[in-house]
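# Understanding the architecture of this molecule
Here is what each chain is made of, one letter per residue.
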Amino acid sequence: MNDNLEKDLAEIFEKIKEVAIYIQGVIGESEGEYFETQNSTGDMQLKADVKADLIIEKELSKIATIKSLCSEEKDECVICNLDGRYHVGYDPLDGSSIVEANLSVGTIFGIYDGEFTGENLVASAYVVYGPGIELVLAHKSVDLYTFQYGVFEYKKSLILKERGNINSPGGTQQHWEKHHKEVIESFFNEGYRLRYSGGMVPDLHQILIKGGGIFSYPGTADRPKGKLRMIFEVLPFAHIYELAGGGAIDAKSTRALELKPEHYHDTTPCFLGSKYEIEKIKEAYAKS
Ligand code: AHG
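Residues numbered from 1 in each chain as written. Predicted model: local features only at pLDDT ≥ 70, side-chain atom pairs only at ≥ 80, totals over all residues. Heavy atoms only, no water.

### Concerning the overall build of the protein
In plain terms, the rule: By the criteria applied, helices consist of DSSP H or I runs no shorter than four residues and strands consist of E runs no shorter than two, each listed in order from the N terminus. With C-alpha atoms as the basis for the radius of gyration, the globule rule is written as 2.2 Å multiplied by the number of residues raised to the power 0.38. For every residue, the accessible area obtained with a 1.4 Å probe (protein chains only) is divided by the maximum for its type, and the residue is called buried under 20%, exposed over 50%, and partly exposed between those limits. Only heavy atoms enter the contact rule, under which two residues are in contact if any of them lie within 4.5 Å. Residue burial considers only the protein chains on display, and all accessible areas are found by Shrake-Rupley using a 1.4 Å probe. Counting rule applied: Lys, Arg positive; Asp, Glu negative; His and chain ends not counted. Working definition for charges: the position is that of NZ of Lys, CZ of Arg, CG of Asp or CD of Glu.
Of regular secondary structure, the protein possesses 6 helices and 15 strands. Radius of gyration (C-alpha) of the protein: 18 Å, near the 19 Å computed for a compact globule of 288 residues. Across its three principal directions, the C-alpha atoms of the protein cover 50 × 45 × 40 Å. Residues classed as buried in the protein amount to 56% of the 288 residues present. For the protein, contacts bridging at least 24 residues in sequence account for 62% of all contacts bridging at least 6. Accessible area of the protein: about 13000 Å², with a carbon and sulfur share of 49%. Computed over 31 positive and 45 negative side-chain charges, the inter-centroid distance for the protein is 5 Å.

### Overview of the sheet that holds strand β10 (residues 151-157)
Let me state the cut-off plainly: Think of it this way: DSSP has to see at least two bridges between two strands before they count as a pair. Only the contacting stretch of a helix is used when fitting its axis, a line to C-alpha atoms as for every element, and angles between N-to-C directions run 0 to 180 degrees.
A sheet is described by the order of its strands in space; here 8 strands give the open sequence β4-β3-β5-β6-β7-β8-β9-β10, paired in mixed fashion. Strands at the two margins of the open sheet, each flanked by one partner only, are β4 (78-79) and β10. As judged from the 6 bridges shared by strand β7 (residues 121-129) and strand β8 (residues 133-138), these two strands associate in the antiparallel manner. If you follow Ser124 over to β8, its bridge partner there is Ala138. Here helix α4 (residues 200-210) sits on the sheet and contacts β5 (86-94), β6 (105-112), β7, β8 and β9 (142-148); the angle it forms with β7, its principal contact strand, is near 100°. Relative to the sheet, helix α5 (residues 230-243) contacts β3 (66-71), β5, β6, β7, β8 and β9, its axis offset from that of β7 by approximately 100°.

Put into structure tokens, the structure is as follows:
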């Protein structure tokens with residue numbers, strides 16, 4: 001029982017607002033340039049990734065209640081306050097490979113009260129850097145803020161309808177399994193529209209903003225465990241989607257929030273969407 005949870009989260013949320021503005025600045029300066037280094041999973045590091053990571057580490061470590069910071073860009077967590085309580089998993093700049101095409105990218109945060117499992121997630125947040133900056137903070141509800149006149153203004157709470165009409169299918173299609181191909185096709189046959197940018201933050205944000213749909217990144221022959229990392233990407237968004245009234249599962253139809261990563265960079269196939277689409281995925285995978 002943590003009586004200070006609301007107060008602690010309010011402080012962390014305020015800091016996330018600050019770092020979002022700094023990161024927007026470094027994206028604008030980066031011009032899609034890369035360092036000659038790779039991160040722990042072999043991706044070339046974009047200057048903006050590294051800078052965004054440094055900004056988050058510097059700023060969030062100032063919060064005494066944060067015990068450790070675990071970045072998608074690093075192999076190990078950074079312990080910042082031994083007496084702190086929360087462990088923050090974050091992806092400083094998700095979708096860095098599409099920065100050079102000037103597409104929207106984002107930052108994702110998961111705030112864990114204890115070890116990095118879905119059950120310990122007490123809050124999640126993400127920032128979308130697009131034509132404007134938008135921020136979503138999720139604790140008891142999923143709240144959208146837009147950056148206007150130098151401050152983040154609360155706009156509304158986001159709720160998913162029972163079903164939507166957006167289909168956002170990731171993974172190399174050549175390697176999709178038959179049942180996956182069929183269920184993705186079945187959404188199109190029901191009139192769903194393709195929306196996939198290659199950045200999970202704007203893609204999942206669009207589904208939330210429009211009120212429904214399905215985002216998938218399956219396991220495939222070339223990537224049996226999918227691509228997206230649990231701690232930094234899948235669990236925070238699973239928390240957000242469930243709070244908004246939708247669902248998030250893996251390829252065995254297990255709730256993503258029940259998954260327990262063994263290693264910081266573990267990935268999982270994932271499906272996030274409104275209830276109708278998640279049920280259809282479960283049926284299709286149960287038959288496979
Ligand atoms: P990265 O940060 O390396 O650009 O990866 C982005 C992630 C995620 O945001 C997106 O949904 C997915 O990778 C896209 O992967 P594909 O290019 O395989 O579709």
